[in-house]
Amino acid sequence: MSSHPLLEVERLSVSFPVTGPGLKGLFLKQKLHAVNAVSLQVEPGSVVGLVGESGSGKSTLGRAMLKLEPSCAGSITFDGLQLDNATQSDIARLRQQTAMIFQDPYSSLNPRQTLGEAIAEVLKVHRKCSAEKRASRVDELLTLTGLSGDYKSRYPKQLSGGQCQRAAIARALAIEPRLIVADECVAALDVSIQAQIVNLLLELQRKINLTLLFIAHDLSIVRRLCDRVAVMYLGRIVEEGPTESVFSHPRHPYTAALISAIPDIDPERRLPDTLLRGEPPSPLDLPDGCAFHTRCCFAREACRKGEAPELRGDGNHQYACLLEAGEAERLTDPMR
Ligand SMILES: Nc1ncnc2c1ncn2[C@@H]1O[C@H](COP(=O)(O)OP(=O)(O)OP(=O)(O)O)[C@@H](O)[C@H]1O
Ligand SMILES: [Mg+2]
């Protein structure tokens, strides 16, 4: 196993120029800070979950980490190679070794191509095998994702949602990526089908040592699938650590609130269910201090001013909150 993370970002920021109504109704050019100084490491062979409410910047971070979205600050290192001044061949290597899968598999497949044609095309473009071996590799990939080779003559519209997501995964695997960013890839599927796709991803992780950045809303799936989890709030990672540690001892009130909102939470746990109040502030007008203070029932004066709190902790489980450890314990056991 290599000693460095497969993918690492340090203080990565992404902002979008937007125009919107300002004072007196005048339209102003503004900067929307979608990702703010995010640092995250993805170890080879691991599954890292990225969670947070809609608009917290998960997809933007996922794309920026693969250099599919330009960043305005920070650095990205893939497999030990820093990509700040990446040459075209560095980017080509990144494209060869990383892939993305999305929520709607139908939109990632060409409706006029059979699955066989779609996968064979990727094999050809990326020169993954000789022309003679292509057909058998297509069969192999379809089988690996739980579809038999018979599916190669089918069109996307002839497939169910789950089968289509399997086909999209087979196509993504055709380039033999070392890392896949899965952006809400099970969100649109029925619950039973979600479980099948999650099982498939776990199987692939074991069989081919796939590394996965798994972006999701559904925390119970993340708990099942991921080794580590990072929680985003308004463009920042507010907590990151081993999945079990984050779920059983959330240190940030935002994480505790998300966990308390999981419907089938362990009945042993006594999380207050009123932690998450109201809506997040606009990313165009971030509040001073901790961006979560406007919704946090533990917020105090120090949380409302200055810079956003930096991540702290034991290096393995980190959180960006000014609460002391003893106070944070109350998040998991408010009766204390
Ligand atoms: N191309 C864009 N131009 C302007 N703003 C954008 C663009 N893409 C994303 N944003 C904004 O950046 C912020 C983060 O968006 P992003 O899609 O990354 O969030 P997300 O966590 O993936 O949300 P969801 O869970 O809904 O998918 C949001 O405020 C969004 O409106
Ligand atoms: Mg998204």
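Residues numbered from 1 in each chain as written. Chains lettered and ligands numbered in written order. Predicted model: local features only at pLDDT ≥ 70, side-chain atom pairs only at ≥ 80, totals over all residues. Heavy atoms only, no water.

**Q** Tell me what's going on with the environment of Ile 193, and back it up with residues and numbers.
**A** Looking at the secondary structure, you find Ile 193 in helix 7 (residues 191–208). Note: C-alpha distance between Ile 193 and Ser 160 (33 residues apart in sequence) is 10.0 Å. (Helix = DSSP H or I, 4+ residues; strand = E, 2+ residues; numbered from the N terminus.)

**Q** So, the side chain of Glu 8: which residues are in play, and what are the values?
**A** Within the element layout of this structure, Glu 8 appears in strand 1 (residues 7–21). The side chain of Glu 8 is buried and forms no salt bridge, while Arg 228, the nearest opposite charge, is found at 12 Å. Of the polar contacts made by the side chain of Glu 8, one reaches the side chain of Gln 41; its length is 2.7 Å. When residues no more than four places from it in sequence are discounted, the contact partners of Glu 8 are Leu 40, Gln 41, Ser 75, Ile 76 and Thr 77. (Buried < 20%, exposed > 50% of the residue type's maximum accessible area, 1.4 Å probe, protein only. Lys, Arg positive; Asp, Glu negative; His and termini not counted. Salt bridge = Lys/Arg side-chain N within 4 Å of Asp/Glu carboxyl O. Polar contact = N/O pair within 3.5 Å; in protein donor to acceptor, adjacent residues only side chain to side chain. Contact = heavy atoms within 4.5 Å.)

**Q** So what's going on with the pairing of strand 1? Residues and values would help.
**A** When strand 1 meets strand 2 (residues 27–42), the two strands line up antiparallel, connected through 12 bridges. Along strand 2, the bridge assignment pairs Val 9 with Leu 40. Pairing between strand 1 and strand 4 (residues 73–78): five bridges, direction antiparallel. Across the sheet, the residue bridging to Glu 8 is Thr 77, located in strand 4. (Pairing = 2+ DSSP bridges.)

**Q** Can you explain the site of ligand 1? Please cite residues and give values.
**A** The environment of ligand 1 is formed by 14 residues, the closest being Ser 54, Gly 55, Lys 58, Ser 59 and Thr 60. With respect to ligand 1, the side chain of Ser 59 contributes an N or O atom lying 2.8 Å from an oxygen atom. One of the side-chain N or O atoms of His 217 is found 3.4 Å from an oxygen atom in ligand 1. Protein coverage of the free-state accessible area of ligand 1, which is 640 Å², stands at 66%. At the level of elements, strand 1, strand 2 and helix 1 (58–65) are the ones that each hand at least two residues to the shell around ligand 1. Top element by residues in the shell around ligand 1 is helix 1. It accounts for three residues. Classifying every residue of the shell around ligand 1 gives five nonpolar, seven polar and two charged. (Near = heavy atom within 4 Å. Areas by Shrake-Rupley, 256 points an atom, 1.4 Å probe, with all protein chains shown as cover. Nonpolar A, V, L, I, M, F, W, Y, C, P; charged D, E, K, R; others polar.)

**Q** Before we move on, can you summarise the sheet that holds strand 4 with the specific residues and values?
**A** With antiparallel pairing, the four strands of this open sheet are ordered in space as 2-1-4-5. With partners counted over all chains shown, the strands left at the sheet margins are strand 2 and strand 5 (81–82), one partner each. Strands strand 1, strand 2 and strand 4 of the sheet are contacted by helix 1, whose axis makes an angle of about 125° with strand 1. (Axes fitted to C-alpha atoms, helices over the stretch in contact; angles between N-to-C directions.)

**Q** Would you mind going over helix 4 (residues 115–125) in detail, with residue names and values included?
**A** Those residues of helix 4 not exposed but buried are Leu 115, Gly 116, Ala 118, Ile 119, Val 122 and Leu 123. Buried residues along helix 4 sit in contact with helix 5 (131–144) and helix 6 (161–173). Note on helix 4: the residue one or two positions beyond its end, Arg 127, has a positive phi of about 45°.

**Q** Give me the sheet that holds strand 9 (residues 228–233): which residues, what numbers.
**A** Taken in spatial order, the eight strands make up an open sheet running 6-7-8-3-9-10-12-11, and their pairing is mixed. Edge strands, defined here as strands with exactly one partner in the open sheet, are strand 6 (98–101) and strand 11 (312–313). In this structure, strand 10 (residues 236–242) lies alongside strand 12 (residues 318–319), joined through two bridges in antiparallel fashion. For Glu 239, the partnering residue across the bridge sits in strand 12 and is Tyr 319. Helix 1 contacts strand 3 (47–51), strand 6, strand 7 (179–183), strand 8 (211–215) and strand 9 of the sheet and is inclined by roughly 155° relative to strand 8.

That's the geometry; what it means functionally is another story.
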